[in-house]
Amino acid sequence: PEVGAVNLTEIEITNRNENEPLKIVWSGQHTSGKALHILLKSLALLNEKIQWELHILGIGKETGNWKQLSRKLKIDNHCIWYGWIDREKAFQIMKNAHCLAITSLKDLTSSVIIEGISLGLPIVTLDHCGFSFVVDDACGIKIPLDNPDKIFVNFKIAFEKLYKYENYRISLAEGALKRAQDFSWESKIKQLNEVYQELVV
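Attention here is on the structure that accompanies the text. (Residues numbered from 1 in each chain as written. Predicted model: local features only at pLDDT ≥ 70, side-chain atom pairs only at ≥ 80, totals over all residues. Heavy atoms only, no water.)

## Re a nonpolar patch on the surface
At step 1: On the surface, Val195, Tyr196, Leu199, Val200 and Val201 cluster together into a nonpolar patch covering about 600 Å² of accessible area.
At step 2: Tracing the sequence through the fold places Val200 in helix H8 (residues 185-200).
At step 3: With relative accessibility at 64%, the residue Val200 sits in the exposed group. (Patch = residues over 30% accessible without salt bridge, like charges linked within 9 Å, V, L, I, M, F, W, Y side chains within 5 Å. Areas by Shrake-Rupley, 256 points an atom, 1.4 Å probe, with all protein chains shown as cover. Salt bridge = Lys/Arg side-chain N within 4 Å of Asp/Glu carboxyl O. Helix = DSSP H or I, 4+ residues; strand = E, 2+ residues; numbered from the N terminus. Buried < 20%, exposed > 50% of the residue type's maximum accessible area, 1.4 Å probe, protein only.)

## Considering helix H7 (residues 166-181)
At step 1: Helix length check: H7 (16 residues) gives 23 Å between terminal C-alpha atoms against 22 Å at 1.5 Å per residue, within 8%.
At step 2: Glu166, Arg169, Ile170, Leu172, Ala173, Gly175, Ala176, Arg179 and Ala180 are the residues of H7 that are buried. (Expected span 1.5 Å × (residues − 1).)

## Some details on helix H3 (residues 87-95)
At step 1: Taken as a whole, H3 has its buried residues at Ala90, Phe91, Ile93 and Met94. Looking straight down H3, one finds its buried side chains confined to an arc of 160 degrees; they lie on one side.
At step 2: Summarising the contacts, the buried residues of H3 are in contact with strand E1 (22-27), strand E2 (52-57), strand E3 (79-83) and helix H4 (111-118).
At step 3: Measuring from the side-chain oxygen of the N-cap residue of H3 to the backbone nitrogen of Glu88 gives 3.2 Å; that N-cap residue is Asp86. (Arc of directions from axis to C-beta. Contact = heavy atoms within 4.5 Å. Polar contact = N/O pair within 3.5 Å; in protein donor to acceptor, adjacent residues only side chain to side chain.)

Following this line, the structure appears as structure tokens:
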């Protein structure tokens with residue numbers, strides 16, 4: 001991918017207590033291609049017994065429409081909208097979350113996915129674009145695109161699983177930190193050097 005992990009220091013994985021809401025973070029420009037509406041409609045399907053919060057970073061021309069949708073779906077009390085905030089505050093919000101959701105429809109590989117795994121966040125994403133390559137079964141859940149009608153339900157099922165099985169979520173968080181090592185700039189330099197060496201021999 002064209003993005004790399006930076007500042008890979010010791011990260012402490014955030015545990016979730018049994019009665020604590022599942023904190024989901026979503027980050028990006030509020031444009032149609034980022035498709036936050038997919039996540040909102042999916043979360044609206046969750047059983048009322050499942051406690052959750054959606055922490056939404058960013059702003060854009062779709063912000064008003066998405067806020068209106070959250071009210072229409074009657075989940076606005078679960079949504080926290082931050083707008084554009086500085087990088088350090090954004091990272092702190094991500095660190096305190098339990099997973100990262102990505103709904104982009106046409107990105108190569110967004111920087112937020114690398115930031116997410118670098119912070120030990122399990123990733124729930126559509127199985128396409130660069131996300132398919134970055135996320136594996138050890139660090140996240142990929143939502144297939146073979147049946148568009150099931151995308152919302154499959155997102156819902158993924159969050160249910162992360163909520164109900166904390167040991168599984170922790171294993172994905174550990175897998176995310178391990179996967180992040182593959183995308184450090186040092187690792188990229190090593191891989192590129194190996195390619196060059198093969199070509200010149």
